[in-house]
Protein chains: 2
Amino acid sequence: MATIIDLATKAGVAPITVSRVINNSGYVREDVRKRVQQAIEELDYVPNALARGLRSKRTFTLSLVLTDITNPFFTTMARGVEDAASANGYMLLVCNTDEREDKERMYLRLLLQKRADGILLVPSRKRSGNADLFRNRHTPVVILDRRVEGISADVVRGDSVQGAYQLGVLLAGLGHKRVAMLTGPSGVSSSEDREIGFRKAMKEAGIESTLLVYNGNFVQESGMEMTNKALQASPSPTAIFAANNFIAIGALKALQAKGLRVPEDIAMVAFDDLPESMVTFPFLTVAAQPAYDIGVQGVRLLLERLESEEPTSFREVILPNELIVRKSSGGAVKYQ
Amino acid sequence: MATIIDLATKAGVAPITVSRVINNSGYVREDVRKRVQQAIEELDYVPNALARGLRSKRTFTLSLVLTDITNPFFTTMARGVEDAASANGYMLLVCNTDEREDKERMYLRLLLQKRADGILLVPSRKRSGNADLFRNRHTPVVILDRRVEGISADVVRGDSVQGAYQLGVLLAGLGHKRVAMLTGPSGVSSSEDREIGFRKAMKEAGIESTLLVYNGNFVQESGMEMTNKALQASPSPTAIFAANNFIAIGALKALQAKGLRVPEDIAMVAFDDLPESMVTFPFLTVAAQPAYDIGVQGVRLLLERLESEEPTSFREVILPNELIVRKSSGGAVKYQ
DNA sequence: AGGTATTATGATAACGTTATCATATCAATG
DNA sequence: CATTGATATGATAACGTTATCATAATACCT
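Each chain carries its own residue numbering, running from 1 in the written order of its sequence. As a convention, the first chain written is A and the first ligand written is 1, with the rest following in written order. Side-chain atom pairs in this predicted model are given and counted only at pLDDT of 80 or more, local residue features only at pLDDT of at least 70, and totals for whole chains, interfaces and linings cover all residues. The side-chain quantities take in all heavy atoms of the structure and omit both hydrogens and water.

### Some points on the sheet that holds strand S12 (residues 322-324) of chain A
Residues and elements named next belong to chain A. Stated precisely, the cut-off is as follows: Two strands qualify as a pair provided DSSP detects at least 2 bridges between them. Only DSSP runs of H or I with at least four residues qualify as helices, and only runs of E with at least two residues qualify as strands; both kinds are numbered from the N terminus onward. An axis is simply a line fitted to the C-alpha atoms; with a helix, the fit covers only the stretch in contact. Between two such axes, the angle follows the N-to-C directions and lies from 0 to 180 degrees.
The 6 strands are arranged S7-S6-S8-S9-S10-S12 in an open sheet whose pairing can be described as mixed. Across the chains shown, the open sheet's two edge strands, defined by having one partner strand only, are strand S7 (212-215) and S12. For this sheet the average axis-to-axis angle between neighbouring strands, irrespective of direction, equals 15°.

Written out as structure tokens, the structure reads:
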């Protein structure tokens, strides 16, 4: 493969002059630039980003570490990250941790090796056991979607407390007295924040004492299990709050299996919307997070930190959710 | 940041010996290995993958160029790619082309610069205008999901002809005589193959003459538009074949807007299934592609090519689809 | 004309690692 | 004991680029 030296020979200049043409930096006379550019064409030259990165200490690569790209929320977020990165000339490395701290650690190590200019991380745990990896290193990190302890970084996330609170207020306003809350994993901030927000709404409505709480995970099976448990309670709940999209879908499946209709027999609200393009008949009342925008803002913060040499203080961007009321929350509860 | 030379100094050996310890290559005495490893720990050493790649000509990075990661089919495929890559010690660069050849070209150029060891490509067009990028270069390419002309590469894809054919046979067997086919973009092999397969089934059933064909794109809006046009035909079709998941969802929405029920008023079959975890009530009769496996097999072929030095002949892996019959295709047609 | 700033180009070294070749030690073999 | 093969370590150069410093040529000013 042709190198900058081949070009230099061909164009009759020094390698550094070729470098100037490629990078559009420094002074180059017009006719020299033409000659070099012609050499580039003729030799079908492709710059070696490894050598560039090694010398210049910039790789123009960002990396995204998330739990699972097949979760539509993260898919959309990832697309936002990729678009924003690409628009600024950066490429994107993507890694799935499956909420496992060991996988997260493995990936973060590799990313440090690759000298990615920055890392966008959806941390697997609130108390990260991997915070040490970033100490004494200058790779900036932006935390997405969740809070985390111990890592000095900018944060971009949706307002889980507020979103869950709104859903709780909605249910209370409809007259529900016995509500079941299906949570995600403890130790994950988004899950805990949703619990906090929803609980607050229940408390304000004076129905916290009858709140049924089930702890699970952000997956469908967990949603089914928690729902089946909730239905065994007596008296059984008249409404369900699911802490994310997968739990919600699991819950709906469990309800259907039992022959229960939503919202006629039991109402339902959930966190996370599904993309419009993926759903035939939008049905769930949800707190929709601005997934795409979380990704875009994350890249913005990261690049700003990369540009400015002086260490600016860390920022926390909390984006509001959108309450979308659809069929699943039903009308006012008539019987009690 | 500590380098291999710092480690060497600390451990009292030559840099190359440190390299041997890190790469677990060559001979190193046990006590020396220990000393080096201790130095690694103490200095919190992270190898520089740029320098490694520059010298060794291997980056342990693969790249995935697809049209849009927010399409669940590609999301699943991407996950398959990432898992397989990761299992073999490779990281993954991901790029979205939005079916645009110019974006595709821009990304492929960048990937060549980054010296990714291999590229997995979902080509935007059947006749690729970017084939020239790979000539005289040794970066191996695997084409996923589609056929493409001009690029010498392994191919992994689902059997679009067969899948569409099966769906056509199904509809014909149910007694439909007037069927509408909503296709994807012309010039994209998966779309064209589906048209071929479906047409074949129509022909064999002797109902090709009444087949209504609408050409569109793999997006929801296109599905809605084509459906609205199809409904204006007289007599109107009794069944619809949608060439992908987004078209299908658009079609369902258009039908719903017109107050038509599926399958009672009109039957429907489609290509691509939606992940079980994302759908509350699976309803569409589909030809489901093994998306995850397409990704895994793609990486397998790519790595095999990387391992073997001799140029082996290119392979085409065509994975079968699964016909999943659900409600939307309805029972036998009673009226005509 | 002399001095200063701007434009233009290059020489050299360095980024951090590993490929290649060379050499030294040691144990085993007949 | 000389020979061989395995074990162990290192010196040197190279991968392809750019940071840094130096120098030359030209334009601009008084």
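### Focus on the relation of the copies chain A and chain B
Each copy of the chain is related to the other by a rotation around an axis and a translation along that axis. The following threshold applies: Superposing the copies works by least squares over the C-alpha atoms of residues that have pLDDT at least 70 in both of them. The contact definition used throughout considers only heavy atoms, calling two residues in contact when any of these lie within 4.5 Å.
Rotating chain A by 180° and translating it 0.0 Å along the rotation axis places it on chain B, where the RMSD comes to 0.1 Å. Taken together, these values place the two copies in the relation of a two-fold axis. When each C-alpha of chain A is compared by its distance to the rotation axis, Leu 93 of chain A comes out closest, at 2.2 Å. The overlap is high: 100% of the interface residues of chain A also sit at the interface in chain B, so the same surface is used on both sides.

### Description of helix H11 (residues 291-307) of chain A
Residue and element names in this part refer to chain A. Using the following cut-off: The span you would expect from a helix comes to 1.5 Å times its residue count less one. Only protein chains enter the area calculation, which uses a 1.4 Å probe; residues under 20% of their type maximum are buried, those over 50% are exposed, and those in between are partly exposed.
Taking 1.5 Å of rise per residue, 17 residues should cover 24 Å, and H11 covers 25 Å from first to last C-alpha, within 8% of that figure. Buried within H11 we find Ala 291, Ile 294, Gly 295, Gln 297, Gly 298, Val 299, Leu 301, Leu 302, Leu 303, Arg 305 and Leu 306. Against strand S1 (61-66), helix H5 (72-87), strand S3 (118-121), strand S4 (141-144), strand S5 (154-158) and strand S11 (316-319) lie the buried residues of H11.

### So, the side chain of Glu 82 of chain B
Condition: For the charge count, each Lys or Arg is scored as positive and each Asp or Glu as negative, with His and the chain ends excluded. Basic side-chain nitrogens of Lys or Arg form a salt bridge, by our definition, when they fall within 4 Å of a carboxyl oxygen of Asp or Glu. Polar contact criterion, stated in full: a pair of N or O atoms within 3.5 Å, where within protein one must be able to donate a hydrogen and the other to accept it, and residues adjacent in sequence count only if both atoms are side-chain atoms.
By secondary structure assignment, the location of Glu 82 of chain B is in helix H5 (residues 72-87). Despite being buried, Glu 82 of chain B has no salt bridge partner; Arg 79 of chain B is the closest side chain of opposite charge, sitting 4.4 Å away. One polar contact links Glu 82 of chain B to Tyr 107 of chain A, side chain to side chain, over a distance of 2.6 Å. The contacts of Glu 82 of chain B, once residues within four sequence positions are left out, are Val 94, Cys 95, Asn 96 and Tyr 107 of chain A together with Leu 92 of chain B.

### Comments concerning the protein's contact with DNA strand C
Here is the rule: Near, as used in this document, describes a residue that has one of its heavy atoms within 4 Å of the molecule or strand being considered. Nonpolar residues are Ala, Val, Leu, Ile, Met, Phe, Trp, Tyr, Cys and Pro. Charged residues are Asp, Glu, Lys and Arg, and all others, Gly as well, are polar.
Taken together, 25 residues surround DNA strand C, and among them Thr 17 and Tyr 27 of chain A together with Ile 4, Ser 19 and Tyr 45 of chain B come closest. The protein-proximal atoms of DNA strand C, defined as those within 4 Å of the protein, are 65% sugar or phosphate. Arg 20 of chain A places a side-chain nitrogen or oxygen 2.9 Å from a base oxygen of DNA strand C. Taking Tyr 27 of chain A, its side chain carries an N or O atom lying 2.5 Å from a phosphate oxygen of DNA strand C. Mapped by element, the contributors of at least two residues to the surface near DNA strand C are helix H2 (15-23) and helix H4 (49-56) of chain A together with helix H1 (4-11), helix H2 (15-23) and helix H4 (49-56) of chain B. Looking at the surface near DNA strand C element by element, the count peaks at 4 residues for H4 of chain B. Among the residues forming the surface near DNA strand C, the class breakdown is 13 nonpolar, 6 polar and 6 charged.

### Some details on the packing of aromatic side chains
Where we set the bar: Aromatic pairs are defined between Phe, Tyr and Trp rings, using the six-membered ring for Trp, whenever the two ring centres lie within 6.5 Å; interplanar angles under 30 degrees are classed as stacked, those over 60 as edge-to-face, and all others as tilted. Geometrically, a lysine NZ or arginine CZ counts as sitting over a ring once it is within 6 Å of the ring centre and also within 35 degrees of the ring normal.
Applying the stated criterion to the full structure yields 6 aromatic pairs over all chains. Taking the centre distance of 5.1 Å and the plane angle of 50° together, the rings of Phe 60 of chain B and Tyr 90 of chain B count as tilted. Of this pair, Phe 60 of chain B sits in the loop between H4 and strand S1 (61-66) while Tyr 90 of chain B sits in the loop between H5 and strand S2 (91-96), and the two are 30 residues apart along the sequence. Under the relative-accessibility criterion, Tyr 90 of chain B is labelled buried at 4%. Ring geometry for Phe 198 of chain B versus Phe 241 of chain B: centroids 4.2 Å apart, planes at 5°, classification stacked. Taken together, the positions of Phe 198 of chain B in helix H8 (residues 189-204) and Phe 241 of chain B in strand S8 (residues 239-242) put the pair 43 residues apart, joining distant regions of the chain. On the basis of relative accessibility, which here comes to 0%, the residue Phe 198 of chain B falls in the buried class. If you follow Arg 194 of chain A out to its NZ or CZ, it ends over the ring of Phe 271 of chain A, 3.9 Å from the centre. Here the basic side chain of Lys 200 of chain B rests over the ring of Tyr 165 of chain B, its NZ or CZ set 4.3 Å away from the ring centre.

### What to know about the protein's contact with DNA strand D
For DNA strand D, the set of nearby residues contains 26 residues, the closest of which are Ile 4, Ser 19 and Tyr 45 of chain A together with Thr 17 and Tyr 27 of chain B. Near the protein, within 4 Å, the atoms of DNA strand D are sugar or phosphate in 66% of cases. Taking Asn 23 of chain A, its side chain carries an N or O atom lying 3.0 Å from a phosphate oxygen of DNA strand D. Contact distances for DNA strand D include 2.3 Å between a phosphate oxygen and a side-chain N or O atom of Tyr 45 of chain A. Sorting the residues of the surface near DNA strand D by element identifies helix H1 (4-11), H2 and H4 of chain A together with H2 and H4 of chain B as the ones contributing at least two each. The class makeup of the residues in the surface near DNA strand D is 14 nonpolar, 6 polar and 6 charged.

### Observations regarding the pairing of strand S4 (residues 141-144) of chain B
All names here are of chain B. Because side chains alternate across S4, one face comprises the buried residues Val 141 and Ile 143, and the other comprises Val 142 and Leu 144, equally buried. Relative to S4, strand S3 (residues 118-121) runs parallel, the two being bridged by 3 bridges. Note on S4: the bridge partner recorded for Ile 119 is Val 141.

### Structural notes on the interface of chain A and chain B
Note the cut-off: Buried area counts how much accessible surface, traced with a 1.4 Å probe, disappears from two parts once they are put together, with both parts' losses summed.
Contact residues are listed per partner, giving 56 residues for chain A and 56 residues for chain B. Interface area lost by chain A to chain B is led by Leu 50, Arg 79 and Met 91 of chain A, which between them contribute 14%. Our count for the contact surface shared by chain A and chain B stands at 6 salt bridges. Between Asp 68 of chain B and Arg 79 of chain A there is a salt bridge whose closest N-O contact spans 2.8 Å. Counting across the chain A and chain B interface gives 32 residue pairs in polar contact (both at pLDDT 80 or more). Elements with a minimum of two residues in the side of chain A that touches chain B: H4, H5, strand S2 (91-96), helix H6 (101-114) and helix H10 (245-257) of chain A. With 9 residues, the top contributor of residues to the side of chain A that touches chain B is H6 of chain A. For the side of chain A that touches chain B, the per-class residue count stands at 27 nonpolar, 16 polar and 13 charged.

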